[in-house]
Amino acid sequence: MSDIRRRRLPRPVREQLIIDAAIGVFAKRGYHASSVDEIAELAGISKPMVYLYLDSKEGLFLACLRRETERLVTAFRAAAGPAPSPELRLRAGLLAFFTFVTERPDSWVVLHRQASELSPAIAAELAQSRQAVLTEVSGVVRTCSAEGAGPACAEDEADFVAYTLVGAADSLTDWMVLHPDEPPEGITVRLMNMVWVGMRNVLDGEVWTTPAGEG
């Protein structure tokens, strides 16, 4: 019997160990092929105890989603909050996001590649997770007008920009798989080059219009 199984641990500590084990198994095997037996063995706990702590395999997956979403949002907020300007807040938040994906690849597999294909309860939790990230990004966009980086930013415009940024960042995580040597800092700078200048100009009132004579 392993030391971790023999030790009496507080329930919150034990739950975190179960979630740690579950994320690794779910990322490696996928939700449907993962077994609670394997997760229990890795966590150093019996299978019935997994069900006692987290109710079901679905409940365990939901716990993984909630914890890793909280970690991602917390990392974004901690990085973006102290930065002295909206531009640097956005850069810091994006860097925190790409660092999270690089340092926690199993967590990102669970959040990004698996959850949307599962049960309605898991899909609903994923939607909440995504909204939490969008709320943080929208807040950074709104500071552009609040701190004089542009005119007042309408609610729907800030949300549109946030969806664009989050969608771009999500898509780039697939690109990262093909370019594993690209550091988070490099990816952040490249995305800032693509989005910041245009975003700044729009917030300053410059907009694109269809050329005369075109459809």
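Residues numbered from 1 in each chain as written. Predicted model: local features only at pLDDT ≥ 70, side-chain atom pairs only at ≥ 80, totals over all residues. Heavy atoms only, no water.

A. Examining the packing of aromatic side chains more closely. Inspection of every chain in the model, using the stated rule, returns five aromatic pairs. Centre to centre, the rings of Phe26 and Phe61 are 5.0 Å apart; their planes meet at 65°, and the pair counts as edge-to-face. With Phe26 in helix H2 (residues 11–29) and Phe61 in helix H5 (residues 57–80), this pair connects stretches of sequence that are 35 residues apart. Classification of Phe61 as buried rests on a relative accessible area of 0%. Ring geometry for Phe97 versus Phe98: centroids 5.2 Å apart, planes at 70°, classification edge-to-face. With respect to burial, Phe97 and Phe98 carry one shared label: buried. One Lys or Arg, Arg11, reaches over the ring of Tyr53 and ends 4.6 Å from the middle of that ring. Here Lys57 stacks its cationic end above the ring of Tyr31, 4.8 Å away from the centre of that ring. (Phe/Tyr/Trp six-rings, centres within 6.5 Å; stacked < 30°, edge-to-face > 60°. Helix = DSSP H or I, 4+ residues; strand = E, 2+ residues; numbered from the N terminus. Buried < 20%, exposed > 50% of the residue type's maximum accessible area, 1.4 Å probe, protein only. Lys NZ or Arg CZ within 6 Å of the ring centre and 35° of its normal.)

B. Expanded view of H2. End to end, H2 covers 27 Å across 19 residues, agreeing with the expected 27 Å (1.5 Å per residue, within 8%). Burial in H2 covers these residues: Arg14, Glu15, Ile18, Ile19, Ala21, Ala22, Ile23, Val25, Phe26 and Ala27. Backbone geometry just after H2 places Gly30 at a positive phi near 85°. (Expected span 1.5 Å × (residues − 1).)

C. Structural detail: the pattern of salt bridges. The full count for this structure, using the stated rule, is eleven salt bridges. Notably, a salt bridge pairs Asp170 with Arg130, separated by 2.5 Å at the nearest N-O pair. Remark: Arg130 occurs in helix H8 (residues 120–146) and Asp170 occurs in helix H9 (residues 155–178); sequence separation between them is 40 residues. By relative accessible area, which is 12% here, Asp170 ends up buried. (Salt bridge = Lys/Arg side-chain N within 4 Å of Asp/Glu carboxyl O.)

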